[in-house]
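Here is what each chain is made of, one letter per residue.
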Amino acid sequence: MKNFFIILISFLGLIKVLKRKHLNKTINLKMDKNNFQQITFGGGCFWCVESCFNILKGVEFAISGYSGGHKDNPTYEEICTGETGHAEVVQITYDPAIISYEQLMDVFFFLHDPTQLNRQGNDIGTQYRSVIYYKDDAEKAKAEEAIKISQESGRWQGTYVTELAPFEKFWPAEQYHQGYYNENPTQPYCSAVVGPKIQKFKKYFAELGMLETDSQ
């Protein structure tokens, strides 16, 4: 019986790995087929961030995952300990002809408080840090400018602590995290924290004409 459970656990683990590889393959195929660009950043729990970016015009898809750590193929349970160094992030594939990097940054700073160090509200830990991963010096300069503009806007009171770090690797989160809020809107955390933030986001950006029509 023990061997049966070992085999079962190994099989389930293999399925998770294959799903992640399939997700990465899908992303790469779409990137090859279209002139899309990608941006990766973290602003607290990825359930809310991913849900909001996925309904923006010009965003092909947003994927929840992990970046900035020192362990390959981290699991959600591992990154929650804070010991792997990863942040909960969202990787966005977008069409720059429809939505700009600067607009994405504006949404990013709308959705989380960049003055809170290693936390967002009651979510505490380095995995919830505010961070932008850049691919080259030009993108780093754009991120620095976006931070400056947002801080000078007075949207958030206090000094921004958003980390800027070179992009190295993105690991897609487990499948059940993808589109989590849409599948679990009545889950206590979703109804109490994520839902209100999404409604606030929709109201603000719908008035700017930045949302897909069927999501307003």
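Worth saying up front: this structure is predicted, and the values here are computed from it rather than measured.

Side note on the pairing of strand β2 (residues 59-67)
Taking burial as the measure, the nine residues of β2 include eight buried ones, the bulk of the element. Strand direction decides the pairing type here: β2 and strand β3 (residues 87-94), joined by eight bridges, are antiparallel. Bridging from a neighbouring strand, Ser64 pairs with Val90 of β3. Both β2 and strand β8 (residues 170-172) contribute to a ladder of three bridges, which runs antiparallel. Counted as the bridge partner of Ser67 is Phe170 from β8.

Topic: the sheet that holds β2
If you trace the six strands from one edge of the open sheet to the other, you get β7-β6-β1-β3-β2-β8, paired in mixed fashion. Edge positions in the sheet fall to β7 (163-166) and β8, since each of these pairs with one other strand and no more. For this sheet, the mean inter-axis angle between neighbouring strands, taken without regard to orientation, is 35°. In this fold helix α2 (residues 46-53) packs onto β1 (37-43), β2 and β3, with an angle of close to 165° to the strand it touches most, β2. The strands that helix α4 (residues 101-111) touches are β1, β2, β3 and β6 (130-134); relative to β1, the one it contacts most, it runs at about 15°.

Some words on the UniProt feature "active site" (unreviewed entry) in the protein chain
Under the local residue numbering, the UniProt record ascribes the feature "active site" (unreviewed entry) to Cys45. Tracing the backbone shows Cys45 in the loop between β1 and α2. Contacts of Cys45, omitting those with residues within four sequence positions, involve Glu88, Asp123, Tyr128 and Tyr189.

Describing the nonpolar core
One finds Phe41, Phe53, Leu56, Ile92, Met105, Ile132 and Phe201 to be the most contacted residues of the largest nonpolar core, which totals 44 residues. It is α4 that contributes the most residues to this core, eight residues altogether. Ignoring anything within four residues of it in the chain, the contact list for Phe53 reads Phe41, Val59, Ala62, Ile92, Leu104, Val107, Phe108 and Leu111. Core analysis: the next-biggest nonpolar cluster, separate from the first, contains eight residues, Phe61, Ala87, Val89 and Tyr133 among them.

Looking at the pairing of β1
Successive residues of a regular strand alternate their side chains across the two faces of the sheet. Of all seven residues in β1, six are buried; the element is thus mostly enclosed. Sheet topology note: the β1/β3 ladder contains five bridges and is antiparallel. Bridging from a neighbouring strand, Gln38 pairs with Thr93 of β3.

A few points about unusual backbone geometry
Positioned with a positive phi, Asn73 is a non-glycine residue whose angle comes to about 50°. Mapped onto the fold, Asn73 is located in the loop between β2 and α3 (76-79). We classify Asn73 as partly exposed; its relative accessible area is 40%. With a phi close to 55°, Asn118 is a non-glycine residue in the positive phi region. Looking at where Asn118 falls in the secondary structure, it is placed in the loop between α4 and β4 (119-120).

A closer look at the pattern of salt bridges
This structure, assessed with the given rule, holds five salt bridges. The salt bridge partner of Lys71 is Glu78, with a shortest N-O separation of 3.4 Å. The partly exposed category is assigned to Lys71, whose relative accessible area is 32%. Close ionic contact of Asp106 with Arg155 constitutes a salt bridge, the shortest N to O distance being 3.2 Å. Taken as a pair, Asp106 in helix α4 and Arg155 in the loop between α5 (137-153) and β7 lie far apart in primary sequence, 49 residues in all. For Arg155, a relative accessible area of 30% puts it in the partly exposed group.

Thoughts on the environment of Gln199
Mapped onto the elements of the fold, Gln199 is located in helix α7 (residues 188-206). Residues Gln199 and Cys52 lie 147 residues apart in sequence; the distance between their C-alpha atoms is 9.4 Å.

A few points about α5
Under the 1.5 Å per step criterion, the end-to-end length of α5 is 24 Å for 17 residues, consistent within 8% with the ideal 24 Å. Those residues of α5 lying buried are Glu139, Ala143, Ala146, Ile147 and Ser150. For α5, the buried positions fall inside an angular range of 100° around the axis, keeping them on one side. Turned more than 90 degrees away from the buried face of α5 sit Asp137, Ala138, Ile149 and Glu152, all of them exposed. Those residues of α5 that are buried lie in contact with β1, α4, β6 and β7.

Rules used in this analysis
Residues numbered from 1 in each chain as written. Predicted model: local features only at pLDDT ≥ 70, side-chain atom pairs only at ≥ 80, totals over all residues. Heavy atoms only, no water. Buried < 20%, exposed > 50% of the residue type's maximum accessible area, 1.4 Å probe, protein only. Helix = DSSP H or I, 4+ residues; strand = E, 2+ residues; numbered from the N terminus. Pairing = 2+ DSSP bridges. Axes fitted to C-alpha atoms, helices over the stretch in contact; angles between N-to-C directions. Contact = heavy atoms within 4.5 Å. UniProt positions renumbered as here; feature names shortened; annotations may be inferred. Core = buried A, V, L, I, M, F, W, Y, C linked by side-chain atoms within 4.5 Å. Salt bridge = Lys/Arg side-chain N within 4 Å of Asp/Glu carboxyl O. Expected span 1.5 Å × (residues − 1). Arc of directions from axis to C-beta.

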